[in-house]
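# Architecture at a glance
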Amino acid sequence: MQEERKILYSAVQPTNNLTIGNYIGAVSNWVNLQSQYDCVFAIANMHAITVRQNPAELRKNTLSLLALYIACGIDPQKCVLYLQSHVPAHAELAWVLNTFTYVGEMERMTQFKDKSAKHADNINMGLMDYPVLMAADILLYRADVVPVGVDQRQHLEITRDIAVRFNNIYSPTFTVPEGLYMKVGAKIGDLLEPSKKMSKSAENANGSVFLSDDRDTIIRKFRRAVTDSEACVKYDPENKPGVSNLLSIYSVFSGQSIEECERRFEGKGYGDFKLAVGEVVADKLAPIQTEQAKLLADKAYLDGVLKDGAERAARRANRTLSKVYKKIGFYQL
Ligand code: ATP
Ligand code: LTN
């Protein structure tokens, strides 16, 4: 039965605390997909170091992200849950894929351009190579689908290009993956600048709601969220980006459709609306935070999950790597 299910792969970088953008765009969907697919979820710490990290914080964020995955409902028994750096095949396949990727393609990547501008003092090779490592992640596990936010669409396209290129030169080796983007919430905007994506490393922390924020902070941040002067709660991302963003957040956290949410706030002012959004988010996050703290207190359990995950992941990844090595002519013993 396990073998018949399609394979799903995704990852998040253990940089900073997650925002509700990460939760809505990634982790919350994974929870819903885990019974339908054969799921592999990683903590992408090798991607994280493309931007300078404080080592102690990176270590702390790694466990904290693992605990969060589990607290959000990802079941380590049902899925493979592991840390990227524990499986050497990622770096190994990335090296091979580098020779099937053109410098020009990497220079054109929007995220590379954005991050280069943001970290002008450290435009390192890893930052540029980021999408190739991501391609290696996905292709190693022969993933059919990759649920991510729309900001990752370009990286997924290049992964497909690399896979097709390799398959055409040799013979079918890689599964060509599909991106899976949710209709609501694939791009949650910053609360203060809704046209920008909410990011965990934004300069102004008031525009991002973190999964670790307490109730008062969450409500305060939503109270300050940018809306418009129309006083009408309607979904219209073009003309009402702020209100539409809040509606998306409310919709995902309340489990109601956008239309239901619009109806609910018909005739209500923005003050009431923003308070309701803050409350529904705070209500949902409180038990997740409690569970995460409980898990973090049991380091032996978390280490056990990582150890088991690394073994299961490496077994799968090495099968693909060895196939690739054979095709490209690496002499094997
Ligand atoms: P950073 O700000 O450190 O670059 P990030 O917030 O973009 O990080 P990632 O680790 O790069 O977070 O992304 C994790 C997942 O969350 C990805 O699937 C990404 O597409 C998704 N994601 C990130 N930001 C948003 C957002 N604002 N709305 C929806 N999904 C998002
Ligand atoms: N780059 C991704 C994180 C990531 C990822 C992956 C997502 C690393 N490897 C493989 C999907 C599949 C991001 O969300 N910023």
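Before going into details, it helps to say that this report is about the structure given with it. Since the model is a prediction, treat every value here as computed from it, not as a measurement. (Residues numbered from 1 in each chain as written. Chains lettered and ligands numbered in written order. Predicted model: local features only at pLDDT ≥ 70, side-chain atom pairs only at ≥ 80, totals over all residues. Heavy atoms only, no water.)

## Description of the overall build of the protein
If you tally the helices and strands in the protein, you get 13 helices and 5 strands. Taken against the 2.2 N^0.38 rule, which gives 20 Å for 333 residues, the C-alpha radius of gyration of the protein at 21 Å falls within 12% of a compact globule. Nonlocal contacts in the protein, meaning residues at least 24 apart in sequence, comprise 75% of its contacts between residues at least 6 apart. Per element, the accessible surface of the protein, about 15900 Å² overall, is 51% carbon and sulfur. When the 41 basic and 39 acidic side-chain charges of the protein are each reduced to a single mean position, those positions are 3 Å apart. (Helix = DSSP H or I, 4+ residues; strand = E, 2+ residues; numbered from the N terminus. Rg over C-alpha atoms; globule rule 2.2 N^0.38 Å. Contact = heavy atoms within 4.5 Å. Areas by Shrake-Rupley, 256 points an atom, 1.4 Å probe, with all protein chains shown as cover. Lys, Arg positive; Asp, Glu negative; His and termini not counted. Charge placed at Lys NZ, Arg CZ, Asp CG, Glu CD.)

## Some thoughts on the site of ligand 2
Lining the immediate surroundings of ligand 2 are 13 residues, of which His47, Tyr130, Met134, Asp137 and Gln152 lie closest. Tyrosine 130 places a side-chain nitrogen or oxygen 2.6 Å from a nitrogen atom of ligand 2. Within the contact set of ligand 2, a nitrogen atom lies 3.1 Å away from a side-chain nitrogen or oxygen of glutamine 152. Only strand 1 (7-12) and helix 7 (125-140) provide two or more residues apiece to the shell around ligand 2. Looking at which element gives the most residues to the shell around ligand 2, the answer is helix 7, with 4 residues. For the shell around ligand 2, the residue count by class is 8 nonpolar, 4 polar and 1 charged. (Near = heavy atom within 4 Å. Polar contact = N/O pair within 3.5 Å; in protein donor to acceptor, adjacent residues only side chain to side chain. Nonpolar A, V, L, I, M, F, W, Y, C, P; charged D, E, K, R; others polar.)

## Quick look at the state of the cysteines
All told, the structure shown has 0 disulfides when counted by the stated rule. Cysteine 72 takes part in no disulfide bond, and the closest cysteine sulfur to it belongs to cysteine 79, at a distance of 13 Å. With a relative accessible area of 11%, cysteine 72 lands in the buried category. Here cysteine 79 is not disulfide-linked; the sulfur of cysteine 39 is the nearest cysteine sulfur, at 4.7 Å. (Disulfide = S-S within 2.5 Å. Buried < 20%, exposed > 50% of the residue type's maximum accessible area, 1.4 Å probe, protein only.)

## A look at the pairing of strand 3 (residues 80-83)
Residues Val80 and Tyr82 line one face of strand 3 and the alternating positions Leu81 and Leu83 line the opposite face, and both faces are buried. Here 4 bridges tie strand 2 (residues 38-43) to strand 3, and the two strands are oriented parallel to one another. In the strand pairing of strand 3, valine 40 is matched with valine 80. (Pairing = 2+ DSSP bridges.)

## A few points about the pairing of strand 1
Most of strand 1 sits inside the fold, with 5 of its 6 residues counted as buried. Strand direction decides the pairing type here: strand 1 and strand 2, joined by 6 bridges, are parallel. Paired with alanine 11 across the two strands is alanine 42, which belongs to strand 2. Remark: the strand 1/helix 1 (residues 20-33)/strand 2 crossover connection has right-handed handedness. (Right-handed = clockwise from strand over helix to strand, strands pointing away.)

## What about empty space enclosed by the protein?
What the rule picks out here adds up to 1 cavity of 30 Å³ or more. Empty space within the largest cavity amounts to approximately 100 Å³. Surrounding the largest cavity, Pro14, Asn16, Asn17, Leu18, Asn61, Ser64, Leu65, Leu68, Leu211, Ser212 and Gln292 form its lining. When residues of the lining of the largest cavity are assigned to their parent elements, the largest contribution, 4 residues, is made by helix 3 (residues 55-72). Residue composition of the lining of the largest cavity, by class: 5 nonpolar, 6 polar and no charged. (1 Å grid on protein atoms, 1.4 Å probe; cavity = no way out; pocket = protein on both sides within 12 Å on 5 of 7 lines; lining within 4 Å. Points joined across faces, edges and corners; volume = space filled by probe spheres on them.)

## Examining the site of ligand 1
Lining the immediate surroundings of ligand 1 are 21 residues, of which Gly149, Asp151, Lys197, Ser199 and Ser201 lie closest. The side chain of glutamine 13 places a nitrogen or oxygen atom 3.1 Å from an oxygen atom of ligand 1. Within the side chain of lysine 115, one N or O atom sits 3.0 Å away from an oxygen atom of ligand 1. Starting from 610 Å² of accessible surface for ligand 1 in isolation, the protein chains cover 96%. When residues in the shell around ligand 1 are grouped by element, the largest group, 4 residues, is from helix 1. Among the residues forming the shell around ligand 1, the class breakdown is 6 nonpolar, 10 polar and 5 charged.

Function cannot be inferred from these measures alone, as they are strictly geometric.
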